[in-house]
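Chain residues, written in single-letter form:
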Amino acid sequence: MQTTSRIIIFALICCVLGAAIPRVVIGAQGATSRRVPTIEPRIHISPPGPKDSRYTYIPFDVPSHAVRISISYEYDRANGTNTIDIGLFDAHSTGSDTDPRGFRGWSGGRRSEFFVSRDEATPGYLRGDIPAGKWRIILGLYRVAPAGVDVSFKIDIETAATGARSTSNAKRKGGDSITEVSVTPEAENNAARPSFVEQKVSRHGVRWWMGDLHMHTIHSDGNWTIPELISSARTGGLDFIFITDHNTASHHEEINRLGKGSRQPLVLRGEEITTYGGHTNAWGLPSGKWIDFRTHPGDTSRISNIAAAAHRVGALISINHPFVLCGGCAWSYDPAARDFDAIEVWNGPWDFTDEPAVKMWDKILQSGRRITAIASSDSHRPDTPIGKPATHLAAPVLTQAALLKAIRQGRAYLTEGAAQSVSFEAEVTTGKRRSRLMIGAEVRLNAPNTIRFFIRTEVTQPDATVSLISNGQVIRSFPAKTNGQHVIEIECRRDAYFRLEVRDGKKAMLALTNPIYVRLRSGKKRPLP
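Right, let's walk through the structure included here. All values reported here derive from a predicted model rather than from experimental measurement. Here, residues in each chain are numbered from 1, in the same order as that chain's written sequence. Local features are withheld for residues below a pLDDT of 70 in this predicted model, meaning they are given only at 70 or higher, and side-chain atom pairs are given and counted only at 80 or more; totals for whole chains, interfaces and linings count all residues. The basis for every side-chain value is the complete set of non-hydrogen atoms in the structure, without hydrogens or water.

**Things to note about the overall build of the chain**
Alright, step 1. What counts as a helix is a DSSP run of H or I of at least four residues, what counts as a strand is a run of E of at least two, and both are numbered from the N terminus. For the chain, the helix and strand inventory stands at seven helices and 28 strands.
Alright, step 2. Exposure categories follow from relative accessible area, calculated using a 1.4 Å probe and restricted to protein chains: below 20% of the type maximum is buried, above 50% is exposed, and the middle band is partly exposed. Expressed as a percentage of its 529 residues, the buried residues of the chain come to 51%.
Alright, step 3. If you take every contact in the chain between residues at least 6 apart in sequence, the share linking residues at least 24 apart comes to 74%.
Alright, step 4. Note that accessible areas follow from Shrake-Rupley with a 1.4 Å probe, and for residues the cover is restricted to the protein chains shown. Only carbon and sulfur atoms are counted for the fraction: they give 51% of the accessible area of the chain, which is about 23,700 Å². The contact rule is simple, with two residues in contact once any of their heavy atoms fall within 4.5 Å.

**Focus on the packing of aromatic side chains**
Alright, step 1. Note on aromatic contacts: the rings of Phe and Tyr and the six-membered ring of Trp form a pair at centre separations within 6.5 Å, being stacked when their planes are under 30 degrees apart, edge-to-face when over 60 apart, and tilted otherwise. In total, this model carries 20 aromatic pairs according to the counting rule given.
Alright, step 2. Ring geometry for Tyr-73 versus Phe-153: centroids 6.4 Å apart, planes at 15 degrees, classification stacked. Here Tyr-73 is found in strand E4 (residues 66-75), whereas its partner Phe-153 is found in strand E9 (residues 149-160), with 80 residues between them in sequence.
Alright, step 3. Looking at Tyr-73, the relative accessible area reads 2%, which means it is buried.

**Topic: the pairing of strand E13 (residues 278-283)**
Alright, step 1. Most of E13 is tucked away: six of the six residues are buried.
Alright, step 2. DSSP bridges decide pairing: two strands pair if at least two such bridges lie between them. The sheet contact formed by strand E12 (residues 266-275) and E13 spans six bridges and is antiparallel. For Glu-272, the partnering residue across the bridge sits in E13 and is Asn-281.
Alright, step 3. Two elements, E13 and strand E14 (residues 316-320), share five bridges in a ladder whose sense is antiparallel. When the bridges of E14 are listed, Asn-281 appears paired with Ser-318.

**Remarks on the nonpolar core**
The nonpolar side chains of a soluble globular protein tend to be buried with one another.
Alright, step 1. One finds Phe-340, Val-345 and Trp-361 to be the most contacted residues of the largest nonpolar core, which totals 44 residues.
Alright, step 2. Of all the elements in the fold, those that place two or more residues in this core are strand E3 (55-62), strand E6 (103-108), helix H5 (300-312), E14, strand E15 (342-347), helix H6 (354-366), strand E16 (372-376) and strand E27 (509-513).
Alright, step 3. Residue contacts for Phe-340: discarding those within four places in its chain leaves Thr-280, Ile-303, Ala-307, Ile-317, Ser-318, Ile-319, Trp-331, Arg-369 and Ile-371. We call a set of buried residues a nonpolar core when its members are Ala, Val, Leu, Ile, Met, Phe, Trp, Tyr or Cys and they connect through side-chain atoms within 4.5 Å of each other.

**Examining the sheet that holds strand E8 (residues 133-143)**
Alright, step 1. Taken together, four strands build an open sheet; the order of strands is E3-E8-E5-E6 and the sheet is antiparallel. Two strands bound the open sheet, and with one partner strand each, they are E3 and E6. Going from strand to strand, the sheet's axes swing by 20 degrees on average, the running direction of each strand aside. Here, axes are lines fitted to C-alpha atoms. For helices the fit covers the stretch in contact, and angles between N-to-C directions go from 0 to 180 degrees.

**Observations regarding the packing of helix H3 (residues 226-235) against helix H4 (residues 251-259)**
Alright, step 1. In the contact formed by H3 and H4, the axes pass within 10 Å of each other and the chain directions differ by 50 degrees. As far as their axial angle goes, H4 and H3 are oblique. Regarding H3 and H4, the two cross each other, and that crossing is right-handed. Note on element contacts: H4 touches H3 through His-251, Glu-254, Ile-255 and Leu-258, opposite Ile-226, Pro-227 and Ile-230.
Alright, step 2. Just so you know the grouping, Ala, Val, Leu, Ile, Met, Phe, Trp, Tyr, Cys and Pro go in nonpolar, Asp, Glu, Lys and Arg go in charged, and all remaining residues, Gly too, go in polar. Looking at side-chain class alone, the contact of H3 with H4 contains five nonpolar, one polar and one charged residues. Roughly parallel here means an angle under 35 degrees, roughly antiparallel means over 145, roughly perpendicular means 65 to 115, and every remaining angle is called oblique. Crossing handedness: left-handed means the near helix sits turned counterclockwise from the far one by under a right angle, and right-handed means the same turn made clockwise.

**Regarding the state of the cysteines**
Alright, step 1. In plain terms, two cysteine sulfur atoms within 2.5 Å form what is called a disulfide here. The final tally for this structure, using the stated rule, is one disulfide.
Alright, step 2. The partner cysteine of Cys-326 in its disulfide is Cys-329, sulfur to sulfur 1.6 Å. On the sign convention where negative means left-handed, the S-S torsion of about -100 degrees between Cys-326 and Cys-329 marks this disulfide as left-handed.
Alright, step 3. With relative accessibility at 6%, the residue Cys-329 sits in the buried group.

**Observations concerning the environment of Thr-399**
Alright, step 1. Position of Thr-399 relative to the elements: it lies in the loop between strand E17 (390-395) and helix H7 (400-408).
Alright, step 2. When the C-alpha atoms of Thr-399 and Leu-268 are compared, they prove to be 9.5 Å apart, with 131 residues separating the residues in sequence.
Alright, step 3. In terms of polar contacts, Thr-399 uses its side chain to reach the backbone amide nitrogen of Ala-402, at 3.0 Å. The term polar contact refers here to a pair of N or O atoms within 3.5 Å; inside protein, the definition further demands a hydrogen-donor-capable atom paired with an acceptor-capable atom, and it admits residues adjacent in sequence only when both atoms are side-chain atoms.

This is the structure:
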């Protein structure tokens, strides 16, 4: 009995001691770890000049056999005079703003500490091998006081004392590979969710899918977890969501794992490329693909390169909330948006910053260039519901490829939420042929002709008004009907576009469509009477 008691006491002591010692997963049984002396650099940062880089790098050396790096930083945050963002590059980086190699994560100003290891990492950061060499902390100079600011760091590095072999090809519990994803981009692009494959709208061979294109999780500055977003989307009847955390791809792996086999909603990968001169969303990124965000406000050439990088991997890219008032959110680059596929004209509940975004979009359309308007919640936490506002996309099946194609072709309309819907079609008769076209389509005329527009709206506000807009001007306005449709005839004598707005009695937007375009193939372009 005495021997048994001693064994139990010894076991309890081991458990207590074991709980107090940091655990490091290194992939080789029996290996131990040791901690390198803490590195504690301290730097002074002065406010960047108008043409200075907005990023600075703090190098530190990582020895062989490192298995975990933990970093914390401190600076004077009093009264919001300083805001210093943080991220990390590994030994593959050269510490240049134009070198994307070695990116290991970004948390902006959300976290004061984080870690990376071979098998785990703080949300926003990428787990994986810890190569020896010169690593770099990257600081983003979001806001610096005129006198500058001191920033101090603590860098703790743990190494495997036995020199354990790399675990880059090891399997985690549950069978997920550390370096491979569970769903390939090709499979995701081509495979529709089973419950939606055959659902179509008869006339045009498509159905309207409702979703949200912009939201954030704990992988950046949001409070949502990815499971919470999926549950909320399902409850709200959304067919798809794009998760677009700031300047990182760390959420992609979790999306792959949780979205596998899911029937609703379709959960897709994105990134909000967050610069200090405006934000953009990349939608449809291959798993783990990160788009470099480092540019200078107003650098149109560099933002064009960023857009090109998204396009090279098959993604689309949009301008986000171009007139939002938070520091660095407003758009400082090319106002014509020549390299972009879409523009977010409606961000969260409709307010005074959305009105100039619609005008910016209209101005681009009047120049003759087509760009798709979208709406997004930009939700960061549950008190800002996703799907309010919502973007509706017309596609034959619910796949990433089909949704991206719908955005590219302008087959989209926007609503304040699920309670509103819009049908907007154009009909043209040429000889004995009659054609009916939907939002995003182009009506081609050989000569001036009359076009009939069929308009149907479903809104809950009794004071709602529908406006038909062409080339930036309201040409018809009438009360919204909850039952039945309006038919409007317009004689088209020149190239034009036509779109709808539905607003309540206080002029807040309830619904908005992308245009139906009209193009005359021949004849002189004459103004409408």
